[in-house]
Amino acid sequence: MTLTDVLRKKTKKFLQVVSAYLLKIGLTPNFITLFGLLGSVVAAVFVFGGKFFYGGLIIALISPFDAIDGMMARMLDTKSLYGCLLDSLIDRYSEMILLLGLLLNFMYTDNYLGIIFTYFALSGSFLVSYIRARVEGLGFEVKIGILTRVERMIVLVICLLIRQPLVAVVLIALLGNFTAFQRFWYARTKLLINK
């Protein structure tokens, strides 16, 4: 069971209450997905401006929306392939935008180490998602890994709240790429066994 699964199980009642309220006032799952993207843009602006604490706080506040939109769709019984695709796309853009905020800050402050590690953080993040999607296309499922999206957001939030953006990108870069390798190795084993 992944950390994502554990968190969703522990917060299920809360998510149901919030989702029911949002549906009651007329909001849709796709609106919540796009609202989360807007929150990422606002957080990235704060991060770019060096307001790391506020950027981290905004990310912490908007992160639950990633689970709420799915819960809303299930409550409406309208979970669609399009909704799943939109959610995945927005997740990638949100992460890109947040890392862009960090990259621009590092560029503005001539932090070359930060620039390099942000590149590898972005690469690792996308490889983790890519390997999962590619393996699912081959008929298997791979969710394992030390640093999936939820863990990456937790690392980012904590490091921004304590004003340590370089630590955030170093951890995401190292552990993200390690997670990509974990998933690759797990998938390799499965594919060789079932060839």
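Shown above is the structure to which this text applies.
The text that follows walks through the structure, step by step, so that each part is easy to find.

The rules behind each value
Residues numbered from 1 in each chain as written. Predicted model: local features only at pLDDT ≥ 70, side-chain atom pairs only at ≥ 80, totals over all residues. Heavy atoms only, no water. Helix = DSSP H or I, 4+ residues; strand = E, 2+ residues; numbered from the N terminus. Polar contact = N/O pair within 3.5 Å; in protein donor to acceptor, adjacent residues only side chain to side chain. Contact = heavy atoms within 4.5 Å. Patch = residues over 30% accessible without salt bridge, like charges linked within 9 Å, V, L, I, M, F, W, Y side chains within 5 Å. Areas by Shrake-Rupley, 256 points an atom, 1.4 Å probe, with all protein chains shown as cover. Salt bridge = Lys/Arg side-chain N within 4 Å of Asp/Glu carboxyl O. Buried < 20%, exposed > 50% of the residue type's maximum accessible area, 1.4 Å probe, protein only. Expected span 1.5 Å × (residues − 1). 1 Å grid on protein atoms, 1.4 Å probe; cavity = no way out; pocket = protein on both sides within 12 Å on 5 of 7 lines; lining within 4 Å. Points joined across faces, edges and corners; volume = space filled by probe spheres on them. Nonpolar A, V, L, I, M, F, W, Y, C, P; charged D, E, K, R; others polar. Arc of directions from axis to C-beta.

Concerning the side chain of T33
No. 1: Note that T33 resides in helix α3 (residues 29–48).
No. 2: At a separation of 2.6 Å, a polar atom in the side chain of T33 contacts the side chain of D69.
No. 3: Apart from residues lying up to four places away in sequence, T33 is in contact with D69, L86, D87 and I90.

Focus on a nonpolar patch on the surface
No. 1: A contiguous nonpolar surface patch, about 970 Å² in accessible area, is contributed by F31, F35, L38, V41, V42, V45, F46, F53, Y54, L57 and L61.
No. 2: Secondary-structure elements contributing two or more residues to the nonpolar patch are α3 and α4 (52–62).
No. 3: Here the element with the most residues in the nonpolar patch is α3; it accounts for 7 residues.
No. 4: Note on placement: F35 falls in helix α3.
No. 5: When its relative accessible area of 37% is taken as the criterion, F35 is described as partly exposed.

Digging into helix α9 (residues 165–193)
No. 1: Compared with the 42 Å implied by 1.5 Å per residue over 29 residues, the 42 Å span of α9 between its first and last C-alpha is a close match.
No. 2: Buried within α9 are the following residues: P165, A168, V169, I172, A173, G176, T179, A180, R183 and A187.
No. 3: Taken together, the buried residues of α9 touch α4, α6 (81–108), α7 (112–137) and α8 (149–161).

Topic: empty space enclosed by the protein
No. 1: One pass over the structure, following the stated rule, counts 1 cavity of 30 Å³ or more.
No. 2: The volume enclosed by the largest cavity comes to roughly 40 Å³.
No. 3: If you go around the largest cavity, the residues you meet are E95, L98, L99, S125, R152, M153, L156 and I172.
No. 4: The set of elements that each furnish at least two residues to the lining of the largest cavity consists of α6 and α8.
No. 5: Taken together, the residues of the lining of the largest cavity break down into 5 nonpolar, 1 polar and 2 charged.

Comments concerning α3
No. 1: The first and last C-alpha atoms of α3 sit 29 Å apart over 20 residues, in line with the 28 Å expected at 1.5 Å per residue.
No. 2: Here α3 has its buried residues at P29, I32, T33, G36, L37, G39, S40, A43, A44 and V47. With its buried residues spanning 160° around the axis, α3 presents them on a single face.
No. 3: Next to the buried residues of α3 lie α2 (12–24), α4, α5 (65–76), α6 and α8.

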